[in-house]
Amino acid sequence: MNTLFKALNDETRRQILELLKEKDMNAGEIAAKFTISKPSISHHLDILKRADLITSEKKGQFIAYTLNTTILEDVINWILTLKK
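Residues numbered from 1 in each chain as written. Predicted model: local features only at pLDDT ≥ 70, side-chain atom pairs only at ≥ 80, totals over all residues. Heavy atoms only, no water.

### Brief notes about the sheet that holds strand 3 (residues 62–67)
Let me state the cut-off plainly: Here, a strand pair is defined by DSSP locating no fewer than two bridges between the strands. Helix and strand definitions here come from DSSP, where helices need a minimum of 4 consecutive H or I residues and strands a minimum of 2 consecutive E residues; each element is numbered from the N-terminal end.
Across the sheet, 3 strands lie side by side as 1-3-2; this open sheet has antiparallel pairing. The sheet terminates laterally at strand 1 (25–26) and strand 2 (54–59), the two strands that pair on one side only. Direction of pairing for strand 2 relative to strand 3: antiparallel, over a ladder of 6 bridges. For Thr 55, the partnering residue across the bridge sits in strand 3 and is Thr 66.

Printed below as a string of C-alpha cells:
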C-alpha cells in the first residue's frame, strides 16, 4: 500500500489519473497535456503501473493506458474500516 500512496502523492500523477478517468489514452496523448518531458511522463506512468492504479495494453504501435478502479475501491474500503 506504500507504493499506492507514493503514487498518489504527486500532482502530475493525480492529473494523469484524472485524464484516464475520461478515456483510455496512450503516452503521447497524455504527454500532450503537460509541459514536462516525455521521459518524465513515462516515469510517472511506470509509478502508476507499479501501484496498480493503471493498466496498459498494446494496441498496434501504441500502448493504451487505462484507469484501474478496482484498487481505488480497495483503498476506499480500507479507509472506511478505519472509521469503525
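The discussion continues.
### A look at helix 2 (residues 11–22)
Since there are 3.6 residues in each turn of an α-helix, residues three or four apart along the chain are aligned in direction. To keep it simple, the criterion reads: Helix span is expected to be 1.5 Å times the residue number reduced by one. Buried, partly exposed and exposed residues are distinguished by accessible area as a fraction of the type maximum, computed with a 1.4 Å probe on protein chains only: under 20%, between the cut-offs, and over 50%, respectively. The arc in question is the one spanned by the directions pointing from the helix axis to the C-beta atoms. By definition, residues are in contact when any of their heavy atoms lie within 4.5 Å. Under this definition, polar contacts are N or O atom pairs within 3.5 Å; protein pairs additionally need one hydrogen-donor-capable and one acceptor-capable atom, and for neighbouring residues in sequence, both atoms have to be side-chain atoms.
Helix length check: helix 2 (12 residues) gives 17 Å between terminal C-alpha atoms against 16 Å at 1.5 Å per residue, within 8%. Buried within helix 2 are the following residues: Thr 12, Arg 13, Ile 16, Leu 17 and Leu 20. Projected onto a plane normal to the axis of helix 2, the buried residues spread over an arc of 145° and lie on a single side. As for helix 2, its buried residues are in contact with helix 1 (2–8), strand 1, helix 3 (27–31), helix 4 (38–50), strand 2 and strand 3. A side-chain oxygen of the first residue of helix 2 lies 2.9 Å from the backbone nitrogen of Thr 12; this N-cap is Asp 10.

### Things to note about the nonpolar core
Heads up, the rule is: Put simply, buried Ala, Val, Leu, Ile, Met, Phe, Trp, Tyr and Cys residues joined by side-chain atoms within 4.5 Å make one nonpolar core.
Counting 20 residues, the largest nonpolar core has Ile 16, Leu 20, Ile 30, Leu 45, Leu 48, Leu 53 and Ile 54 as its most contacted members. Among the secondary structure elements, those contributing two or more residues to this core are helix 1, helix 2, helix 3, helix 4, strand 3 and helix 5 (69–83). If we ignore the near neighbours within four places in the chain, the residues touching Leu 20 are Met 25, Ile 30, Ile 54, Tyr 65, Thr 66 and Leu 67.

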